[in-house]
Amino acid sequence: MSYNLPAMFMNPLLDHLNAPQLAAVTLPPAHALILAGAGSGKTRVLTTRIAWLISTGQVSPPGLLAVTFTNKAAKEMQTRLASMLPINVRGMWIGTFHGLCNRLLRAHYRDAGLPQLFQILDSADQQASVKRLLKSLNVDDEKFPPRELCHFINAQREQGMRAAAVEAYDDWARKRIGLYEAYEAQCQREGVVDFAELLLRSYELLERNEPLRRHYQERFRHVLVDEFQDTNKLQYRWLKLLAGGGAHLFCVGDDDQSIYAFRGADVGNMGDFEREFKVANMIRLEQNYRSHGNILDAANAIIKNNPQRLGKNLWTEAGSGEPIRIYESYSDGDEARWIVEEVKALQRDGHTRAEIALLYRSNAQSRALEHALFNAGLPYRVYGGLRFFERAEIKHALAYLRLIANTDDDTAFARVVNFPARGIGARSLENLQDAARAANSSLHSAIPQVFGAGGAKLAAFAQLIVTLRDAAHLPLPELVDHVLELSGLRSHYQNEKEGQERLDNLDELINAAASFVAEEGTPNQDGEITGEFGNDLSSFLAHASLEAGEHQAGEGDDALQLMTVHSAKGLEFNVVFISGLEDGLFPHENSLSETRDGKSGLEEERRLMYVAVTRARQRLYLSFAQTRMLHGQTRYNLPSRFLDEVPQELVKWLTPRAGKGGFAASTTTTYAATPRRSESAGSAFRIGQSVMHTKFGLGVIVNAEGGGTDARVQVNFGHAGMKWLALSVAKLEAA
DNA sequence: TGGGAGTGCTTTTTT
DNA sequence: AGCACTCCCA
């Protein structure tokens, strides 16, 4: 490596970087893959790299493209960059895959075959759109469930496959592909684009339009990618295409934190990238600045059980710190109450609630926790709920706005044609749909074809849209206010008894519009790209779809942080509780049978566990319960196999240690609830009891039936699986 | 039209 | 259990 030493030493950007970080930041222009372990300063390296490239004159801001997955990460990068460099980061191409694709398509909408004011469908819109399609084609939605069909369509798109390119092996597949094709046509006619389409459409735009491709290939000299392990096949191809003119790809990722294979992410992209781009610069960031030694050791020990890793071992200069605490409880309720007590103790020791996270595998688990927290009066915040722009009243208001931008947007039309109720029932809508299909037109343009009473009401609705469109010149916040008034949305919620919160949200929408205009409105910062935004309205609508709005009430409050392990990725906390560590829950039972590209679902669950553990800075609690209420019935689970993967010398059991694969003997004495006896089995065994089998080992009785000599019990043996055993035959012993 | 009862689903999730 | 969705009746 050769770089200008004096310049390097004078550059304060590079202060306090460790050797591998410094090497990564100052890499000469070439492709690079940075394997960045959890808490190793990944974002820092990425932003410092950009700042360094610019400040040393190796690239000008417009020559740089940086991609992330979430708006949060993109914003974080921009903020940090702005603090490092005296430049305007707003015009730079730093954003999410979808955000950048949107930008590209807005700038070249004609070449992409889209209307100027094309709208973006979020997943819910997409499903509604598919549903409507099935209805209009008289397709049985039992045979083709809209949800499943959306998955199929998105999966095809992520492979870069248009309907015409998908092969069919039977009638059903052919039919499904036909529906995919019809959906594509419907979107095109309506001038709407869903998330996957944003990517595929901009990929095709660049692939087919050579001058345009050359323009961008020559423009972008450095392409930087965050969370590279989460890219799907199409995103990787998109990157390859953009970097095809000799740009340098700088990809940062961690194969051990790949937890989105289930939605198409392909860790294989890391290996492919290394091979296809002959990456000579692979740098490992293994020094962790986040967690104490015991926590890291536990994480390393867990992830070591995964074969096929690129290989990495985190270390820290911090001391080993506290032991990892493990707690066993009888039920999910007991577990939650214990967490409450422990949190109270932590507070007495000076921990703030906001620095404590309660993590779980699936959202359904939050209920028991919330219940206990609520009863204890502990403030908490649950992440991952309904977001601002996804609320029904907001979507209604946005639908009116979308109709102002584009009357052919049938999804928006169908949403509000009869909301608030204006007497346009199913019958009139059916007539309208028939007319639209016959004329191959949008619902809106078919209105004159419908006659009778329904027709009159529809015409009145069309008139409402016209009136609203006449106001389109108003400043955006005023336009929104106008729409709320004239559409009748406001008075509708005023008359509803529980409508106050919705009214507040609608007012909040006006505020959102105002701050959007103040921050990002009135376009064209980027001199090179013209027509980047059609106008404030359409860019606000795109903003609403692409950035559903994380803001929730109580953001700044000192509240406990409740979230799934997935949504905790990228975050860190002083204290972390991982609850529900039971086989079947975490690892999730569905994962045990899954395989994707030769990799087992269990491995992904293990990476998820790795992510969870590495969120903790100082203290980590792991907890599990013998019984858990799920989907309305009580389940009996064994402790998670991941607990066995934590070296015992790092652990402090807060309850008597559970045996290998089984529960601690007679801990039930400490629990208030009395386990039910199985009357039918009529034996010494009861549901929930731990038993020992000569061949299968330790297990828990989860069900029983029959009696006397016919008595049979169902036992969960964990690794050996679930078995029905006849008591008269099987030699079972209480354990 | 709108509400009340009945039915079915339920891993993880960003854009 | 809890929620979203559908269907049917007043």
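Our structure is the block above this text.
Residues numbered from 1 in each chain as written. Chains lettered and ligands numbered in written order. Predicted model: local features only at pLDDT ≥ 70, side-chain atom pairs only at ≥ 80, totals over all residues. Heavy atoms only, no water.

Enquirer: In this structure, what is going on with the protein's contact with DNA strand B? I would like to understand it.
Expert: The full set close to DNA strand B counts 26 residues, and S123, R361, N363, T564 and E594 are the nearest of them. Among the atoms of DNA strand B close to the protein, meaning within 4 Å, 52% are from sugar or phosphate groups. Within the side chain of H98, one N or O atom sits 3.3 Å away from a base oxygen of DNA strand B. Here a phosphate oxygen of DNA strand B sits 3.5 Å away from a polar atom, N or O, in the side chain of N418. (Near = heavy atom within 4 Å. Polar contact = N/O pair within 3.5 Å; in protein donor to acceptor, adjacent residues only side chain to side chain.)

Enquirer: Looking at this structure, how should I read the pairing of strand β13 (residues 573-578)?
Expert: Every other side chain in a regular strand lies on the same face of the sheet, so the side chains alternate between the two faces. Among the six residues in β13, six count as buried, and that is most of the element. Across four bridges, strand β10 (residues 356-360) lies against β13 in parallel orientation. Paired with I356 across the two strands is V575, which belongs to β13. Here five bridges tie β13 to strand β16 (residues 616-630), and the two strands are oriented parallel to one another. Looking across to β16, one finds that F573 is bridged to A616. (Buried < 20%, exposed > 50% of the residue type's maximum accessible area, 1.4 Å probe, protein only. Helix = DSSP H or I, 4+ residues; strand = E, 2+ residues; numbered from the N terminus. Pairing = 2+ DSSP bridges.)

Enquirer: Explain the packing of aromatic side chains to me, please; I cannot follow it from the model alone.
Expert: The way to describe two aromatic rings as a pair is by their centre distance and the angle between their planes. Under the defined criterion, the tally for this structure stands at 23 aromatic pairs. When the centroid spacing of 4.1 Å and the interplanar angle of 0° are considered together, the rings of Y327 and W338 count as stacked. Of this pair, Y327 sits in strand β9 (residues 324-331) while W338 sits in helix α14 (residues 332-348); the two residues are eleven residues apart in sequence, bridging distant segments of the chain. Consider the rings of W338 and F577, whose centres lie 5.9 Å apart with planes at 75°: the pair is edge-to-face. With a gap of 239 residues between them, W338 in helix α14 and F577 in strand β13 connect regions that are remote in the sequence. Residue W338 is classed as buried on the basis of its relative accessible area of 9%. The class of F577 is buried, set by a relative accessible area of 1%. Seen from the ring of Y260, R263 lies directly overhead, with NZ or CZ sitting 3.7 Å from the centre. (Phe/Tyr/Trp six-rings, centres within 6.5 Å; stacked < 30°, edge-to-face > 60°. Lys NZ or Arg CZ within 6 Å of the ring centre and 35° of its normal.)

Enquirer: I tried to follow unusual backbone geometry on my own but got confused; where do I start?
Expert: Trans peptide bonds make up most of the peptide bonds, and negative phi angles are found at most residues other than glycine. The peptide bond linking F419 to P420 adopts the cis configuration, its omega dihedral lying at -5°. The peptide bond linking F586 to P587 adopts the cis configuration, its omega dihedral lying at 5°. Position of P587 relative to the elements: it lies in the loop between β13 and α25 (589-592). Its identity as a non-glycine residue notwithstanding, H16 has a phi of 65°, on the positive side. Here H16 lies in the loop between α1 (5-10) and α2 (19-25). The exposed category is assigned to H16, whose relative accessible area is 72%. In this structure, H631 takes a positive phi of about 50° despite not being glycine. In this fold, H631 is placed in the loop between β16 and β17 (633-636). On the accessibility criterion, H631 (72% relative accessible area) is exposed.

Enquirer: Sorry, what's going on with the pattern of salt bridges here?
Expert: Charged atoms that come close allow side chains of opposite charge to pair. A full pass over the atoms with the stated rule returns 51 salt bridges. Two residues, R162 and E184, come together in a salt bridge whose shortest N-O distance is 2.9 Å. Here the residue R162 occupies a position in the loop between α7 (146-158) and α8 (171-190), and E184 occupies one in helix α8, the gap between them amounting to 22 residues. Each member of the pair, R162 as well as E184, carries the same accessibility label: buried. A cluster of three or more residues bridged by salt bridges with shared partners is formed by R157, R162, E184, D194, E197, R201, E204 and R208. (Salt bridge = Lys/Arg side-chain N within 4 Å of Asp/Glu carboxyl O.)

Enquirer: Help me out: how do you make sense of the protein's contact with DNA strand C in this one?
Expert: Every residue near DNA strand C is listed here: K131, R367, H631 and G632. Backbone sugar and phosphate groups make up 36% of those atoms of DNA strand C lying within 4 Å of the protein. Residue composition of the surface near DNA strand C, by class: no nonpolar, two polar and two charged. (Nonpolar A, V, L, I, M, F, W, Y, C, P; charged D, E, K, R; others polar.)

Enquirer: Is there a simple way to explain the nonpolar core in this structure?
Expert: Across soluble globular proteins, you tend to see nonpolar side chains buried next to one another. Within the largest apolar cluster, 48 residues are counted, with the highest numbers of intra-cluster contacts made by F389, L398, L401, F461 and L509. Per-element tally for this core: the top contributor is helix α16 (residues 392-405), with nine residues. With near-sequence residues (within four places) excluded, L401 lies in contact with L479, V480, V483, L537 and L541. Grouped together as the second largest cluster of nonpolar side chains are 44 residues, A112, L200, F228 and L241 included. (Core = buried A, V, L, I, M, F, W, Y, C linked by side-chain atoms within 4.5 Å. Contact = heavy atoms within 4.5 Å.)

Enquirer: When you look at the sheet that holds strand β8 (residues 281-285) in this model, what are you seeing that I'm missing?
Expert: To summarise the sheet geometry, strands pair through backbone hydrogen bonds and adopt either a parallel or an antiparallel arrangement. Pairing within the open sheet is parallel, and its six strands lie in the order β3-β2-β6-β7-β1-β8. In the strand order of this sheet, the two ends are held by β3 (93-96) and β8, each with one partner. Taken pair by pair, the neighbouring strands of this sheet meet at an average axis angle of 15°, ignoring direction. In the packing of helix α5 (residues 97-107) onto the sheet, contacts are made with β2 (64-68), β3 and β6 (222-225), and the angle to β3 comes to roughly 120°. (Axes fitted to C-alpha atoms, helices over the stretch in contact; angles between N-to-C directions.)

Enquirer: Is there a simple way to explain the packing of α14 against helix α15 (residues 366-376) in this structure?
Expert: The relative placement of two packed helices comes down to the angle between their axes together with the axis-to-axis distance. At a minimum axis distance of 8 Å, the contact between α14 and α15 shows a crossing angle of 45°. One element, α14, and the other, α15, form an angle in the oblique class. When you trace α14 past α15, the crossing you get is right-handed. Each of D332, A336, R337, I339, V340 and K344 in α14 lies in contact with α15, whose residues at this interface are A368, L369, A372, L373 and A376. (Parallel < 35°, antiparallel > 145°, perpendicular 65-115°, else oblique. Left-handed = near helix turned anticlockwise from the far one by under 90°.)

Enquirer: What is the right way to read the side chain of E190 from this model?
Expert: In this structure, E190 sits in helix α8. E190 sits in the buried class, given a relative accessible area of 1%. Residues contacting E190, with those up to four places away along its chain left out, are R132, N406, D408, D409, D410 and T411.

Enquirer: How should the packing of α16 against helix α19 (residues 452-470) be read in this particular structure?
Expert: Direction vectors running N to C along α16 and α19 enclose 75°, while the axes themselves pass 9 Å from each other. The pairing of α16 with α19 is recorded here as roughly perpendicular in orientation. Together, Y400, L403, I404 and A405 of α16 and F461, L464, I465, L468 and R469 of α19 make up the contact between the two elements. Class assignment of the residues belonging to the contact of α16 with α19 gives a composition of eight nonpolar, no polar and one charged.

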